[in-house]
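Below, each chain spelled out in residue letters.
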Amino acid sequence: MRAGLLGILVFFLATVGYVAWHLGRLTPGGWAAKWGVALLFLLWMAAAFASMGLRSKASISTITALYEIGHPWMIAYLYLLIAFLLADLGVLLRIIPKGWLTGNGYTMAGLLGVIAVLLALGGIHYRHKYREELTIHSPKPLPKPLTVVLASDLHLGYSNRKAELARWIDLIIAEQPDLVLFGGDIVDISLRPLLEGDYASEFARIQAPIYTVLGNHEYIGHEADAERFFADAGITLLRDSTACAEGIAIIGRDDRSNPGRKPLSALSVPPECFTILLDHQPYHLEEAQAAGIDFQFSGHTHRGQVWPLSWVTDALYEKSWGHHRRGSTQYYVSSGLGIWGPKIRIGTRSEYLVLHIQ
């Protein structure tokens, strides 16, 4: 395990050095200018990692500023890495002249300009929240037609702040839901900004019953602290347990981060009720089908957040985003309402699901 993590770290640092070297090489002027640009790139990276390392030490305003400044570096680094790899391949195949990559202000301005536009447009795109609507006809009796709002991966904390949460809660309330279900990762590791900013009061504005499950980020932080926050916010946490509300059974699985979580087959699935399964990570979808679940909601994937990472998640999961069906079991894997890290979406979207059960 440690050897694998060390290998990933070495590979990451090597690619960072590769991008910094290429930026310096591309910069016109003397060595001072070249080293200066490479150093700025590395300092930008340092801001991103400092925002995570200082979470419990610096003031909330300082960490929030480091988040806002530093986290877009991750996307810039990804696209610079792709651009330089393709450029080096083009030089190797003699498609691109070497001079384009050495002391060339035009190439540098064009490359950085395109990436800046991508980051800006991706930030605007992230601000827009897509309303996905799905209607399911239940084969089991219901006391009345139901409207359920489902969302996952809010990642509240230093990046997604209380003002953004208030806007999201307004969207949920506008649907006049009978139930509100969250698919995990409400908390983005640290509970400190949620507690000091009284984020719980925003959830309290929702009049409908609220249920959630733990995600991997609640485990990366501390699940016991998250459990106390959910109680303060009026959110019922399901950990390998079942609740009944509005005539349906809501089954919440503990996250895969817990190696001792129960198998789905060991949980109570009332056969007479329409069943909704909340499971943060969408692995082994066949288990819900085998258990006779009517509808499963998951998140976690973010669908990669930015292209081309969406190709990676599409390859890793049977379904990394959207509506899916296995026999009589239906699924929705959400790309998330919030986001981890930089507030940028490229080729993916931030969304919530309005589910009508009739």
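Computed from a predicted structure; not experimentally measured.

Q: Looking at this structure, how should I read helix α3 (residues 60-70)?
A: An α-helix turns once every 3.6 residues. As a result, residues three or four positions apart point the same way. Buried within α3 we find I60, I63, T64, L66, Y67 and G70. Seen end-on, α3 carries its buried residues on one side only, within an arc spanning 160°. Exposed residues pointing more than 90 degrees away from the buried face of α3 are listed as S61 and I69. Buried-residue contacts for α3 involve α2 (31-53), α4 (72-92) and α7 (192-196).

Q: Even after reading the chapter, I still don't get the packing of α4 against helix α5 (residues 105-127), so can you show me in this structure?
A: When two helices pack together, their arrangement is given by the angle between the helix axes and by the axis-to-axis distance. With their axes 10 Å apart at the nearest point, α4 and α5 run at an angle of 140° to one another. By the angle class used here, α4 and α5 are oblique. Between α4 and α5 the crossing geometry is right-handed. For the pair formed by α4 and α5, the contact residues are P72, I75, A76, Y79, L80, A83 and F84 on the first element and L111, L112, I115, L118 and L119 on the second. The class makeup of the residues in the contact of α4 with α5 is twelve nonpolar, no polar and no charged.

Q: Quick question: what am I supposed to make of the nonpolar core here?
A: Nonpolar side chains in soluble globular proteins generally cluster together in the buried interior. Residues L154, L156, F182, F203 and F230 are the most contacted members of the largest nonpolar core, which totals 33 residues. Mapped onto this core, the elements with two or more residues apiece are β2 (146-151), α6 (162-174), β3 (179-182), α8 (200-203), α10 (223-233), β5 (235-237) and β12 (350-357). The contact partners of L154, leaving out residues within four places of it in the chain, are N160, L165, W168, F182, D185, I186, F203, L337, G338 and I339.

Q: Where do I start with the sheet that holds strand β9 (residues 295-298) in this structure?
A: Strand pairing in a sheet relies on backbone hydrogen bonds. The paired strands run either parallel or antiparallel. As summarised here, the arrangement of the six strands in space is β6-β7-β8-β9-β11-β10, forming an open sheet in which the pairing is mixed. In this open sheet, the two edge strands, each paired with only one partner strand, are β6 (241-245) and β10 (322-326). Within the sheet, the average angular offset between the axes of one strand and its neighbour, ignoring direction, is 20°. Alignment of β6 against strand β7 (residues 248-252), held across five bridges, turns out to be antiparallel. Along β7, the bridge assignment pairs A245 with I248.

Here is what the cut-offs are and how they apply
Residues numbered from 1 in each chain as written. Predicted model: local features only at pLDDT ≥ 70, side-chain atom pairs only at ≥ 80, totals over all residues. Heavy atoms only, no water. Buried < 20%, exposed > 50% of the residue type's maximum accessible area, 1.4 Å probe, protein only. Helix = DSSP H or I, 4+ residues; strand = E, 2+ residues; numbered from the N terminus. Arc of directions from axis to C-beta. Contact = heavy atoms within 4.5 Å. Axes fitted to C-alpha atoms, helices over the stretch in contact; angles between N-to-C directions. Parallel < 35°, antiparallel > 145°, perpendicular 65-115°, else oblique. Left-handed = near helix turned anticlockwise from the far one by under 90°. Nonpolar A, V, L, I, M, F, W, Y, C, P; charged D, E, K, R; others polar. Core = buried A, V, L, I, M, F, W, Y, C linked by side-chain atoms within 4.5 Å. Pairing = 2+ DSSP bridges.

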